[in-house]
Amino acid sequence: MDGLTEGRATCAICPHGCRLAEGQTGLCHGRVAVGGEVVDANYGRVTSLATVC
């Protein structure tokens, strides 16, 4: 999931391949660079909710 190049962590989750500086969020807004690794920014949080009509 991560690869550190030129001080940036590279996300390998989707085809965007975001190269993130420390604390920067990817295009998906679901991943962030922390400590040289790409981690889930929304881990353990509700990200969608379905209702029954």
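Structure: see above.
As a starting point, this report considers the structure included with it. (Residues numbered from 1 in each chain as written. Predicted model: local features only at pLDDT ≥ 70, side-chain atom pairs only at ≥ 80, totals over all residues. Heavy atoms only, no water.)

**A short note on the overall build of the protein chain**
So, step 1. Scanning the protein chain from N- to C-terminus turns up zero helices and five strands.
So, step 2. Overall, the protein chain shows an N-to-C arrangement of helices and strands of β-β-β-β-β.
So, step 3. Since a compact globule built from 53 residues should have a radius of gyration of about 10 Å, the 13 Å found for the protein chain marks it as more spread out than a globular shape.
So, step 4. Principal axes of the C-alpha set define a box for the protein chain whose edges measure 50 × 20 × 15 Å.
So, step 5. The burial tally for the protein chain puts 21% of its 53 residues in the buried class. (Helix = DSSP H or I, 4+ residues; strand = E, 2+ residues; numbered from the N terminus. Rg over C-alpha atoms; globule rule 2.2 N^0.38 Å. Buried < 20%, exposed > 50% of the residue type's maximum accessible area, 1.4 Å probe, protein only.)

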